[in-house]
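Structure assessment
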Amino acid sequence: MENLKDELDLNAASWSLTGSWKTNSIVYISKNACSSFKMICGYAWYSIMKAFNSPKTNRPIPPGAYITLGIDLKEFENHHNFPKVYFYGKYKFTYKMKNLKNDVLGCAELELSPIRPWE
C-alpha cells in the first residue's frame, strides 16, 4: 500500500444563483488527518464507528471492509464540532486522499442541503 499524506483536505462548493458550483466556500486543510477528522466529528465519531462495526474507536483502525446498514443522523446532528451556522442552500463537500508526492489517490464527495427547520 502506498504511503498516504497525513493531511485532511476538505473543500466545500456552494450552489450559486447562476446554476453552477462555486468552489472554496469552505476550505479546511489540516495536518494529522485522522485526529482532525475525529475532532471535527466530536462525539458523533463513536456513533459512526459503532454503525460500521469497527472493532475499536481509536486509530489506527484495522484494515478491512466496513459496511453499515445506516447511521443515526440525529447523533451526528447533535454531537459534532462543525460550525453551527450555515447559509441555507446546497453544498458539495470534497475530501481528497493524497500520497507523499501530493498525487490524488482517491476522493469522496457528499452533497448536503441545509434547510430551515419549518420547511
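Structure's up top.
In this report, the structure presented in the accompanying data block is examined.

1. Details of the packing of helix H1 (residues 33–41) against helix H2 (residues 44–51)
- Interhelical geometry of H1 versus H2 gives an angle of 105° and a closest axis separation of 7 Å. Relative to H2, H1 is oriented roughly perpendicular. Listed contacts from H2 to Phe37, Lys38 and Cys41 of H1 are Ala44, Trp45, Tyr46 and Ile48.
- Tallied by class, residues from the contact of H1 with H2 come to six nonpolar, no polar and one charged.

2. Some words on unusual backbone geometry
- A positive phi angle, close to 55°, is found at Asn53, a residue other than glycine.
- Its location among the elements puts Asn53 in the loop between H2 and helix H3 (73–78).
- Overall, Asn53 belongs to the exposed group, its relative accessible area being 60%.
- One non-glycine residue, Asn102, adopts positive backbone phi at about 75°.
- Turning to its location among the elements, Asn102 is positioned in the loop between strand S3 (91–98) and strand S4 (104–112).
- The exposure class assigned to Asn102 is partly exposed, which follows from its relative accessible area of 39%.

Rules behind the numbers
Residues numbered from 1 in each chain as written. Predicted model: local features only at pLDDT ≥ 70, side-chain atom pairs only at ≥ 80, totals over all residues. Heavy atoms only, no water. Axes fitted to C-alpha atoms, helices over the stretch in contact; angles between N-to-C directions. Helix = DSSP H or I, 4+ residues; strand = E, 2+ residues; numbered from the N terminus. Parallel < 35°, antiparallel > 145°, perpendicular 65-115°, else oblique. Contact = heavy atoms within 4.5 Å. Nonpolar A, V, L, I, M, F, W, Y, C, P; charged D, E, K, R; others polar. Buried < 20%, exposed > 50% of the residue type's maximum accessible area, 1.4 Å probe, protein only.

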